[in-house]
Amino acid sequence: MSTPRQPPRGGPGPRRPARPQSGRPQPGRPSRPVDRPRAPRQRTGEPVRRPAQRRPRPGPPPVRTIKLGDQRRRLRLVTVALALVFSVFAGRLIQLQLLDSDALAASAGANNYQEAILSADRGSITSSDGVALATTVDAYDITGDPSLYPAEKSFVPDAPEQAAALLAPILNRSKEQLTAALRTPKTKWVMLAPRQSPETKKQITDLKATLAKQADTAACRAQRKLVGKPADQGGRQYVDNVCANPLVGIINQDSKRRVYPAGGLAANLLGYVNVDGIGTGGLEKQFQEELAGKPGRSTYAQVNGRMVPTAGGSQQSPVEGTDLRLTINRDIQWAAQRAITDQVANAGAEKGYVIVQDVKTGQILAMAASPGFNPNDLSKAKPEQLGNAAVGDAFEPGSTAKLMTMAAVLDTGTAAWDTHVTVPNTLQRSDRVFHDDIDHPTWYLTLAGVLAKSSNIGTILAAEQLAKSQPEANKVLSDYLGRFGIGKPTGLGFPGETKGILAKPEDWNGSQQYTIPFGQGLSVNALQAASVFSTIANGGVRVTPSLLAGTTGPDGRFVPAAPGQETRVVKPETAKTLTEMLESVVSDEQGTGAKAKIEGYRVAGKTGTANRVDPKTGKYNGYTASFIGFAPAEQPRVTVSCVIQDPKNGHFGGQLCGPVFKQVMEFTLKTLRVAPSGSEAPNLPVDWKP
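Residues numbered from 1 in each chain as written. Predicted model: local features only at pLDDT ≥ 70, side-chain atom pairs only at ≥ 80, totals over all residues. Heavy atoms only, no water.

- Per an unreviewed UniProt entry, the protein carries the name Cell division protein FtsI (Penicillin-binding protein 3) and comes from Kitasatospora gansuensis.
- Quoted verbatim from the Sequence similarities (unreviewed entry) field of the UniProt record, the comment on the protein reads "Belongs to the transpeptidase family." (UniProt positions renumbered as here; feature names shortened; annotations may be inferred.)

### Overview of unusual backbone geometry
- Residue Pro 371 is bonded to the preceding Ser 370 through a cis peptide linkage, with omega at 0°.
- Here Pro 371 is to be found in the loop between strand 13 (364–370) and helix 12 (389–392).
- Here Ala 631 and Pro 632 are connected by a cis peptide whose omega angle stands at -15°.
- Counting through the fold element by element, Pro 632 comes out in the loop between strand 23 (620–631) and strand 24 (638–645).
- One non-glycine residue, Asn 172, adopts positive backbone phi at about 60°. (Helix = DSSP H or I, 4+ residues; strand = E, 2+ residues; numbered from the N terminus.)

### Here's the deal with the pattern of salt bridges
- For the structure on display, the rule yields 19 salt bridges.
- Taking the shortest distance from any N to any O, the salt bridge between Asp 555 and Arg 557 comes out at 3.8 Å. By the burial criterion, Asp 555 is exposed, and Arg 557 matches it.
- Taken together, the shared-partner salt bridges in this structure form one network comprising Glu 350, Arg 612, Asp 646 and Lys 648. (Salt bridge = Lys/Arg side-chain N within 4 Å of Asp/Glu carboxyl O. Buried < 20%, exposed > 50% of the residue type's maximum accessible area, 1.4 Å probe, protein only.)

### Brief notes about the state of the cysteines
- Per the stated rule, a full pass over the model turns up two disulfides.
- Here Cys 220 engages in a disulfide with Cys 243; their sulfurs sit 2.0 Å apart. As the torsion about the S-S bond is roughly -75°, the Cys 220-Cys 243 disulfide counts as left-handed. With Cys 220 in helix 7 (residues 218–226) and Cys 243 in the loop between helix 7 and strand 5 (250–259), the pair connects residues that are 23 residues apart, well separated along the chain.
- By relative accessible area, Cys 220 is classed as buried at 5%.
- Classification of Cys 243 as buried rests on a relative accessible area of 3%.
- What pairs with Cys 642 in a disulfide is Cys 657, and their sulfur atoms sit 2.3 Å apart. Handedness of the Cys 642-Cys 657 disulfide follows from its S-S torsion of about -65°: it is left-handed. Note that Cys 642 is positioned in strand 24 and Cys 657 in helix 20 (residues 653–671), a separation of 15 residues in sequence. Per residue, the accessibility class of Cys 642 equals that of Cys 657, and both read buried.
- When the cysteines engaged in disulfides are numbered in sequence order, the protein pairs them as 1-2, 3-4. (Disulfide = S-S within 2.5 Å.)

### Considerations on the environment of Tyr 444
- Structurally, the position occupied by Tyr 444 is in strand 17 (residues 443–446).
- What makes Tyr 444 partly exposed here is its relative accessible area of 30%.
- Sequence separation between Tyr 444 and Val 686 is 242 residues, and the spatial gap between their C-alpha atoms is 8.7 Å.
- Discounting residues that sit within four places of it in the chain, Tyr 444 has contacts with Val 421, Thr 422, Val 686, Asp 687, Trp 688 and Pro 690. (Contact = heavy atoms within 4.5 Å.)

### A closer look at the packing of helix 4 (residues 159–171) against helix 6 (residues 198–215)
- Two numbers describe how helix 4 lies on helix 6: the axes approach to 10 Å, and their chain directions differ by 160°. If you check the angle between helix 4 and helix 6, you find them roughly antiparallel. The chirality of how helix 4 crosses helix 6 is right-handed. Seen from helix 4, the contacting residues are Leu 166, Leu 167, Ile 170 and Leu 171; seen from helix 6, they are Thr 200, Gln 203, Ile 204, Leu 207 and Leu 211. (Axes fitted to C-alpha atoms, helices over the stretch in contact; angles between N-to-C directions. Parallel < 35°, antiparallel > 145°, perpendicular 65-115°, else oblique. Left-handed = near helix turned anticlockwise from the far one by under 90°.)

### Thoughts on a nonpolar patch on the surface
- On the surface, Val 78, Leu 82, Val 85, Phe 86 and Phe 89 cluster together into a nonpolar patch covering about 510 Å² of accessible area.
- Along the polypeptide, Phe 89 turns up in helix 1 (residues 71–99).
- For Phe 89, a relative accessible area of 55% translates into the label exposed. (Patch = residues over 30% accessible without salt bridge, like charges linked within 9 Å, V, L, I, M, F, W, Y side chains within 5 Å. Areas by Shrake-Rupley, 256 points an atom, 1.4 Å probe, with all protein chains shown as cover.)

### Structural notes on helix 16 (residues 470–483)
- Between its first and last C-alpha, helix 16 extends 20 Å over 14 residues, near the 20 Å set by a 1.5 Å rise per residue.
- All of the buried residues along helix 16 are Gln 470, Ala 473, Asn 474, Leu 477, Ser 478, Tyr 480, Leu 481 and Gly 482.
- The inward-facing, buried residues of helix 16 contact helix 13 (402–411), helix 15 (456–463) and helix 17 (512–515). (Expected span 1.5 Å × (residues − 1).)

### Examining the pairing of strand 4 (residues 190–196)
- Burial runs high along strand 4: six of the seven residues are buried.
- Bridging between strand 3 (residues 132–144) and strand 4 involves four bridges; their strand directions are antiparallel. Residue pairing in the sheet places Gly 144 in a bridge with Val 190 of strand 4. (Pairing = 2+ DSSP bridges.)

### As for the nonpolar core
- If you look at the biggest cluster of nonpolar residues, it comprises 92 residues, and the most contacted ones within it are Met 367, Leu 447 and Phe 484.
- At eight residues, the largest contribution of residues to this core is made by helix 18 (residues 526–537).
- Inspection of this core shows a minimum of three residues originating in each of domain 1 (118–145 + 189–325) and domain 2 (331–372 + 387–544 + 564–672).
- What Leu 447 contacts, discounting residues up to four positions off in sequence, is Met 406, Val 409, Leu 410, Ala 415, Ala 416, Trp 417, Thr 419, Val 421, Ala 462 and Met 581. (Core = buried A, V, L, I, M, F, W, Y, C linked by side-chain atoms within 4.5 Å. Domains from an automatic or database assignment.)

### Some thoughts on the environment of Lys 453
- As for its position among the elements, Lys 453 is in the loop between helix 14 (447–452) and helix 15.
- Assessed through its relative accessible area of 18%, Lys 453 is described here as buried.
- Once residues within four sequence positions are removed from consideration, Lys 453 is found in contact with Trp 443, Leu 445, Gln 590 and Thr 592.

### What to know about the sheet that holds strand 13
- Sheet architecture is open: five strands sit in the order 13-12-24-23-22, paired in antiparallel fashion. At either end of the open sheet lies a strand with only one pairing partner, and these are strand 13 and strand 22 (604–613). Neighbouring strand axes in the sheet, compared pairwise and without regard to direction, differ in orientation by 10° on average.
- Looking at chain direction, strand 12 (residues 351–358) and strand 24 are connected through eight bridges and run antiparallel. Within the sheet, the bridge partner assigned to Ile 355 lies in strand 24 and is Ser 641.
- Against the sheet, helix 19 (residues 572–587) makes contact with strand 22 and strand 23, and its axis sits at roughly 75° relative to strand 22, the strand it touches most.

This is the structure we're talking about:
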């Protein structure tokens, strides 16, 4: 049997039997004509027969052609539609980000953001050796946000009252005061208690934490969800008090508190700050701008009274205040303050003050007043104690002013120290009869003796020789008083300082032209009086007094203060002669300043006992006792001034202020390590025999 031949691999296979052709063309193949039967031939002569008309068979239905759309047109439509959508989005974005951004930010931050003031560290005030006399420590301002206390936000109708009841015993404030503050309308910040201690802050923080934990239970959260809903939906008007946190609007802000480590030491100089931390007395007031620095600001997000660290914010750091270094020597200030306090008490006096001044630089080494006060507790101080009486009180200096009259007489060449002066027991001038402090027979004194024995009559007689007529003599004396700084500011610039009272010479009345030469009828402050003696001790050159040694700014750099202005008042030889005359006041047996002697040192000084004008009545009542001097007389280093007002146990300046001068001067000379005098006082003769 033969095997059928297989077609070659890849070649055509066996053909399939052909399908019967139909009238419908096969797709993909060419259509072939269908064989039709031929018509029979027509014979000749026969009528023509026309084939019968056949009904055409129905052809295939027409092929439908799908016409594709214009893709470019559709793409343009979609692009336009998308452009319109994005335009709407872009417009809204511009509106939100640019046009309405401020309003939206304000609306969003109205309840979520708080602005806090960042207090600047107030500058310190130190003594000359850098020890702090006034400084600043950390404290906390307890503030409230009244905008969180309306009933619709706090969920309780009496949230301010509840908060006030909790805070009153902690802050030592009345409940009514705190309630009123927390109900302040249209504000997000009120001060409840400034500069509280860390212990107070901790009490409030712990209490807030306890209340927050108590109010953050599932039951309380469910109650808050029902607040404001209709009653038929289980709603309620307020939550239970146990679910309320009335301290949600209480904020502890970092602050600072002023403290005075030495208590009342130099309080009359330092002054104090008020409840807002602003200097309102003394150096605290005078240098308020420098000490205060510049506060900063901090904005932070908060929810339920708590800061949200990750919610953004802004901060402007504060600028620290400037530190002041004074010329005050802490030890000398303490010695002066103790001495005057003890003597005011012993004399039963109203008050007193002591000043210690460097004669070369004009710097004040101590300025003490009694009675004083403690700036850490102003509640115990009387109003009259809060100032600095050493520059605020104007008083008639009495015999210490005779030094200026003698300076005018010597400097003009009118007389010399040894000029003979005959001093009667009384002297008639104008409508008055003048006396010395004690009755005496006629004295025959030198000009040095007039000063040593503090004779009013002898001083009047000397002053009359300044010119040919009394009005001219008044002008000469007035000119010298002005040179010494009488009737003018001292240059210290201290708050509440008085420049004293000195009328124009043409306005001196009948008695004033004779009383002013011995220290009545004009007024000075204690620093002016001390500066007169420092001028003589400095060879006749006045140096403007100063309290400030320098400043240290926020950059830590110390800047020394400018030196005091120097003004020549009298000739050097005049100053030298006056110094020797002042030594006789202390060293001579007839002098009035024997109690001011200091072993080993030559002392030049002058006593003063003046009628005191009562500031309440404007009439003379009581006395002003004083002693002012400097040492060592041969090379003066410091001036010490003591003034006691209205003493009851004695009234003479040498008796009351002489011992104070001695005590303070001795301490000062030892503290500054001033060598004792190497020579004896000249002991100028105080009298002469006719």
